[in-house]
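# A structural walkthrough
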Amino acid sequence: PAGPPRRFGSDPRAYEVMTKRFVGNARGELVGLETVEVEWREDPATGRRAPAEVEGSLRFVEADLALLALGFLGPEETMVQRLGLETDPRSNFKAEYGDFATSVEGVFAAGDCRRGQSLVVWAIAEGRGAAEKIDAYLGAAQGAARRPAPAREAGGAQ
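Let me sum up the structure you'll find in this document. Predicted, not measured: the structure shown is a model, and the values here were computed from it. Counting from 1, residues in each chain are numbered in the order their sequence is written. Totals for whole chains, interfaces and linings use every residue, but because this is a predicted model, local features are given only for residues with pLDDT of at least 70 and side-chain atom pairs only at 80 or more, for both listing and counting. Think of the side-chain values as coming from all heavy atoms in the structure, minus any hydrogens and water.

This part is about the nonpolar core. We call a set of buried Ala, Val, Leu, Ile, Met, Phe, Trp, Tyr and Cys residues a nonpolar core when their side-chain atoms join them within 4.5 Å. Here's how the labels work: a residue is buried when its accessible area is under 20% of the maximum for its type, exposed when over 50%, partly exposed in between, all with a 1.4 Å probe on protein chains only. Listed in full, the six residues of the largest apolar core are V80, L85, F93, A95, A109 and C113. In this view, L85 contacts M79, V80, F93, T102, S103, V104 and V107; residues no more than four positions away in its chain are not counted. We call two residues in contact when some of their heavy atoms are within 4.5 Å.

With that settled, consider the packing of aromatic side chains. Side-chain rings of Phe, Tyr and Trp, where Trp is taken by its six-membered ring, are said to pair if the distance between their centres is within 6.5 Å; with planes under 30 degrees apart they count as stacked, over 60 as edge-to-face, and otherwise as tilted. One pass over the full model with this rule turns up three aromatic pairs. Centre to centre, the rings of F108 and Y137 are 5.6 Å apart; their planes meet at 70°, and the pair counts as edge-to-face. In this pair, F108 sits in the loop between helix 1 (77-83) and helix 2 (112-115) while Y137 sits in helix 3 (residues 120-142), placing the two residues 29 residues apart along the sequence. Judged by relative accessible area, which is 28%, Y137 ranks as partly exposed. Each member of the aromatic cluster is reached from another via a ring pair, and the members are Y97, F100 and W122. Numbered from the N terminus, helices here are DSSP runs of H or I no shorter than four residues, and strands are runs of E no shorter than two.

Take unusual backbone geometry next. Phi angles above zero are rare outside glycine, and E16 is one such case at about 55°. Relative to the assigned elements, E16 resides in the segment before strand 1 (17-24). Given a relative accessible area of 48%, E16 falls into the partly exposed group. We note that S91 has phi near 75°; this positive angle belongs to a residue other than glycine. For S91, the position within the fold is in the loop between helix 1 and helix 2.

What follows is about a nonpolar patch on the surface. What makes a patch is a set of residues exposed beyond 30% relative accessible area and free of salt bridges, joined within 9 Å when like-charged and within 5 Å when nonpolar (Val, Leu, Ile, Met, Phe, Trp, Tyr). Surface exposure here means Shrake-Rupley accessible area, sampled with a 1.4 Å probe, where a residue is shielded only by the protein chains that are shown. Salt bridges are defined as contacts in which a side-chain nitrogen from Lys or Arg sits within 4 Å of a carboxyl oxygen from Asp or Glu. A cluster of nonpolar side chains, namely Y97, L119, V120, V121, W122 and I124, defines an oily patch on the protein surface of about 630 Å² accessible area. A relative accessible area of 52% places Y97 in the exposed class.

A few words on the pattern of salt bridges. Tallying each qualifying case throughout the model produces eight salt bridges. Close ionic contact of E34 with R21 constitutes a salt bridge, the shortest N to O distance being 3.0 Å. With E34 in strand 2 (residues 30-42) and R21 in strand 1, this pair connects stretches of sequence that are 13 residues apart. It is possible to trace a salt-bridge network through shared partners that takes in R114, R115 and E126.

Spelled out as C-alpha cells, the structure:
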C-alpha cells in the first residue's frame, strides 16, 4: 500500500517530539524551532506517565509559521490541590460515570477532566449527565422539588 506523502526524502510527520523554544530573528519573525524527542516514562512514586526528554535529541527545524495543536494532558494540578480532589492513576478527577460526583461534596466532574482525553461527543454527553446530577444535588440541598423538563416544540426542536 502507498504510504504517506514523502517530502525532502522522508516522511514529514514526527511523533513524540516536544518544542523547547521558538527561535526568532532580530525583527521578531519566526525562523525556526528547537525540538527534542520525548519518551513516556512512569514515575515509580505516583504511577503517572509523563514525557521525558531523550538525551542528545535536540534538533533545529527551520520554520516561518507555527500552528499550535495542544493536546490534553490532564486537569490542572493547582485545582486538584486547592480543592483537595482525589485523582485516578492518570491524574484525572476521580468521579464515577453516571454519578459524576467527586470526592469533594458539591464538586462534580465530567468530560476530559474525568475520563481523560477523548471525543467531544463524550464530553457533551457527560456534561449533560453531570448537569442533571448537579440540578438534583442543588434541588435537594434547597429542599426544592425537581423542576419539570422544558416543553419541546413540534418536531422535537427546543
